[in-house]
Amino acid sequence: SGTENGYLAEGGVALAGSGATVNLAAGTTYNFDGTTGGLSIGQSLTLAGNGATLNAQGNGVNVVNLTTGANTVTLNNLTVKNGGTGVYFYPYNPSGVALTLNNVTITGNSSTGLYVSYSGYSSTVNLNNCTISNNDTYSGNGGIFNYYYGTMTLTNCTISGNGNATYPPTAGGIQNYGTLNLDSATTVTGNTGYQTGGIYNAGTIIGTVTSSQVHGNTATYTDLTNAGADFYNSGTATFVYNPDGEA
């Protein structure tokens, strides 16, 4: 517990071999001062957070930066906060790459919570029991941005309070250009965006999304109200809206 310099976490990751497990000290906050960025991961590994926090202290860096070589990465029991982008994932591998987040909270980042970038190669991203909240406080891409070739599955996740009215993103909650799958326990609520507050889909959403999952969002584009404030679709998706009782 307590507070440590973020370089301790970065040093542990840098020294770890491919496929290793790196354990952070339980309950410890690792502070990054912004001079060399956040925590960079360039190999396959498991980062066991043990309740630790990675804190960029408002320096605008990517708190966790997954780069070439990070082919299979798992983040467990961790809070990622106060950066520019919370978790930035560049999936560069012709054979495909995989990122799994278990019990991870991404919060308070000024640009985007989780950003899955475009590399021309496929990626698989699984979020289990995660919270993506209060990101994009200035100007960015909301809670989650999933680019082309990305397949993302959210299980029992909360996407809330992302985006802002002053410099609104296209969507406050989720922007999807790849393939997205939300289970019935995942909620997208209380987000703010321009085109829509909840989910902007220009890719494919598997299954049916309902207003019991996606509701209470705000779109600053004045022509969009009710369902439009929660969901915008220019791709392939089914959204069932209940105007008499969203929740």
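Residues numbered from 1 in each chain as written. Predicted model: local features only at pLDDT ≥ 70, side-chain atom pairs only at ≥ 80, totals over all residues. Heavy atoms only, no water.

Draft legend 1. Highlighting the packing of aromatic side chains. Summed over the entire model, instances satisfying the criterion amount to 18 aromatic pairs. Taken together, a centroid distance of 4.6 Å and an interplanar angle of 5° make the contact between tyrosine 115 and phenylalanine 145 stacked. One end of the pair, tyrosine 115, is in strand E10 (residues 112-116); the other, phenylalanine 145, is in strand E13 (residues 142-146), with 30 residues separating them in the sequence. In this structure tyrosine 115 comes out as buried when scored by relative accessible area, which is 17%. Owing to a relative accessible area of 6%, phenylalanine 145 belongs among the buried residues under this scheme. Note on tyrosine 138 and tyrosine 167: the rings are 4.9 Å apart at their centroids and 55° apart in plane angle, and the pair reads as tilted. (Phe/Tyr/Trp six-rings, centres within 6.5 Å; stacked < 30°, edge-to-face > 60°. Helix = DSSP H or I, 4+ residues; strand = E, 2+ residues; numbered from the N terminus. Buried < 20%, exposed > 50% of the residue type's maximum accessible area, 1.4 Å probe, protein only.)

Draft legend 2. Geometry of the nonpolar core. The biggest cluster of nonpolar side chains holds 51 residues, and the ones touching the most others in it are Ile41, Leu75, Leu99, Leu114 and Leu127. Examining the composition of this core, we find that five residues originate from one element, strand E9 (residues 97-107), more than from any other. If near-sequence neighbours (up to four positions away) are discounted, leucine 75 is found in contact with Ile41, Leu47, Val64, Val87, Leu99, Thr100, Leu101, Asn102 and Val104. Counting five residues, the second largest nonpolar core, distinct from the first, contains Tyr115, Ala171, Tyr177 and Tyr200. (Core = buried A, V, L, I, M, F, W, Y, C linked by side-chain atoms within 4.5 Å. Contact = heavy atoms within 4.5 Å.)

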